[in-house]
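The chain contents come next:
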Amino acid sequence: MNPLAYFDPDDPYPESDGQPMAENTEQFDWIVKIKENLEILFADRPDVFVAGDLLWYPVSDRRVSGPVATDVMVVFGRPKGRRGCYKQWEEAGVAPQVVFEILSPANSLKEMADKLAYYELYGVEEYYLYDPGTNRLELWIHQGERLCPISHINGWVSPRLGIRFALTPETLEIFGPNGRPFLTSIELARHADHAAARAQEQATLAQQEHDRAERLAARLRALGIDPDADT
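Residues numbered from 1 in each chain as written. Predicted model: local features only at pLDDT ≥ 70, side-chain atom pairs only at ≥ 80, totals over all residues. Heavy atoms only, no water.

(A) Fine view of the overall build of the protein. Within the protein, the regular secondary structure consists of 3 helices and 9 strands. Helices (α) and strands (β) of the protein occur, in sequence order from the N terminus, as α-β-β-β-β-α-β-β-β-β-β-α. Counting every position in the protein, which comprises 231 residues, the buried fraction comes to 38%. The long-range fraction of contacts in the protein, counting pairs at least 24 apart against all pairs at least 6 apart in sequence, stands at 59%. A total of about 13200 Å² of accessible surface is found on the protein, and carbon and sulfur atoms cover 53% of it. (Helix = DSSP H or I, 4+ residues; strand = E, 2+ residues; numbered from the N terminus. Buried < 20%, exposed > 50% of the residue type's maximum accessible area, 1.4 Å probe, protein only. Contact = heavy atoms within 4.5 Å. Areas by Shrake-Rupley, 256 points an atom, 1.4 Å probe, with all protein chains shown as cover.)

Here's what the structure looks like:
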């Protein structure tokens, strides 16, 4: 966590902390996978904002708090649209309700403890921390004034998102409310290609059936039979 402790009066709310989005390809893939599938899940909800690797400024006074760069955030009650950073005081005071962090070897215990305290202080309702290296998922739910850890994780359904988490011996699987698994970009593209191919096949079969019916009608007319006449 880089809190941007320095303060530049000419640029009080920078849109970058100077850090890379991810420390390795696996962390990057997970950030993209979760963010893009949540975008798809809430594509028809204009009041749900989803972002990845975006700086969140909870208060305008930098003497009170600096920002944190969340791997993935979901904000209910705020419109979609471009943002260079998330300034909460310009967003009707609405804090991200759900936050995801993907652990990398560079993340220290202190850094993650600081993030947990930050999210607790500023009102995050659900916090998910996944370590792809050890295949460990941790989650905290806001109860009272605290973010409390949840011990029964496998099969957990997010109260806000409606998505389900399942830990296999190899990896974390996430499923949408309709049971569709979260897919990688390549899997999503292949799924779209297969769907398009099936639609084309069905359209071809329908056209072939139509052509056969037309040929049969033409033969009947040649025999002096009106295929459209009532029998």
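(B) Summary view of the side chain of Asp71. Position of Asp71 among the secondary structure elements: in strand β2 (residues 68-76). Buried charge without a salt bridge: Asp71, with Lys115 as the nearest opposite-charge side chain at an N-O distance of 5.1 Å. For Asp71, the side chain forms a polar contact with the main-chain nitrogen of Ile102, separated by 2.7 Å. (Lys, Arg positive; Asp, Glu negative; His and termini not counted. Salt bridge = Lys/Arg side-chain N within 4 Å of Asp/Glu carboxyl O. Polar contact = N/O pair within 3.5 Å; in protein donor to acceptor, adjacent residues only side chain to side chain.)

(C) Representation of the environment of Phe100 in the model. You can see Phe100 is positioned in strand β4 (residues 98-102). You can call Phe100 buried: its relative accessible area is 3%. Separated by 26 residues in sequence, Phe100 and Glu126 place their C-alpha atoms 8.5 Å apart. Setting aside chain neighbours within four positions, we find Phe100 in contact with Ile34, Leu38, Asp71, Val72, Tyr128, Leu161, Ile163 and Phe165.

(D) Highlighting the side chain of Arg83. Inspection of the secondary structure assignment puts Arg83 in the loop between β2 and β3 (86-87). Reaching out from Arg83, the side chain makes a polar contact with the backbone oxygen of Pro79 at a distance of 2.9 Å. Among the polar contacts made by the side chain of Arg83, one reaches the side chain of Glu91 at a distance of 2.6 Å. Excluding its chain neighbours within four sequence positions, the residues that come into contact with Arg83 are Phe49, Leu54, Arg78 and Glu91.

(E) Examining the nonpolar core more closely. In this structure, Ile34, Leu38, Val74, Phe100, Leu161, Ile163 and Phe165 are the most contacted members of the largest nonpolar core, which totals 27 residues. Of all the secondary structure elements, the ones that give two or more residues to this core are α1 (25-41), β1 (48-57), β2, β4, β5 (126-131), β6 (136-143) and β9 (172-175). Looking at this core, the element that brings in the most residues is α1, giving 4 residues. Dropping the residues within four chain positions of it, Val74 is found in contact with Leu38, Val48, Phe49, Val50, Pro96, Gln97, Val98 and Leu161. (Core = buried A, V, L, I, M, F, W, Y, C linked by side-chain atoms within 4.5 Å.)

(F) Fine view of the sheet that holds β4. Ordered by their spatial adjacency, 7 strands build an open sheet running β3-β1-β2-β4-β5-β6-β7, and the pairing between neighbours is mixed. Two strands in the sheet have a free side with no partner beyond their single neighbour: β3 and β7 (146-149). Along the sheet face, α1 touches β1, β2, β4 and β5 and points at about 15 degrees away from the line of β2. (Pairing = 2+ DSSP bridges. Axes fitted to C-alpha atoms, helices over the stretch in contact; angles between N-to-C directions.)

(G) Quick look at the packing of aromatic side chains. Going through the model one piece at a time under the given rule, you end up with 13 aromatic pairs. Here Trp30 and Tyr130 contribute two aromatic rings whose centre-to-centre distance is 4.9 Å and whose plane-to-plane angle is 65 degrees, an arrangement assigned as edge-to-face. One end of the pair, Trp30, is in helix α1; the other, Tyr130, is in strand β5, with 100 residues separating them in the sequence. Overall, Tyr130 belongs to the buried group, its relative accessible area being 3%. Taken together, Trp56, Tyr118, Tyr119, Tyr122, Tyr127 and Trp140 form an aromatic cluster joined through their ring pairs. It is Lys33 that lies over the ring of Trp30; its NZ or CZ is 4.8 Å from the centre. Over the ring of Phe76 we find Arg160, and its NZ or CZ is 5.0 Å from the ring centre. (Phe/Tyr/Trp six-rings, centres within 6.5 Å; stacked < 30°, edge-to-face > 60°. Lys NZ or Arg CZ within 6 Å of the ring centre and 35° of its normal.)

(H) How the structure looks around unusual backbone geometry. Even without being glycine, Asp53 reaches a positive phi, approximately 55 degrees. The class of Asp53 is partly exposed, set by a relative accessible area of 30%. A positive phi angle is found at Asn135, which is not glycine, with a value near 55 degrees. Within the secondary structure, Asn135 is located in the loop between β5 and β6. Residue Asn135 is classed as buried on the basis of its relative accessible area, which comes to 15%.

(I) Spotlight on the pattern of salt bridges. Applying the stated criterion across every chain yields a total of 13 salt bridges. Between Asp61 and Arg63 there is a salt bridge, and its shortest N-O distance comes to 3.0 Å. A relative accessible area of 27% places Asp61 in the partly exposed class. Taking the relative accessible area as the measure of exposure, Arg63 reaches 78% and is therefore exposed. Note that Arg78 and Glu91 form a salt bridge whose closest N and O atoms lie 2.9 Å from each other. Here the residue Arg78 occupies a position in the loop between β2 and β3, and Glu91 occupies one in the loop between β3 and β4, the gap between them amounting to 13 residues. In this structure, Arg78 and Glu91 share a single accessibility class: buried. The structure contains a network of salt bridges with shared partners spanning Lys35, Glu36 and Glu39.

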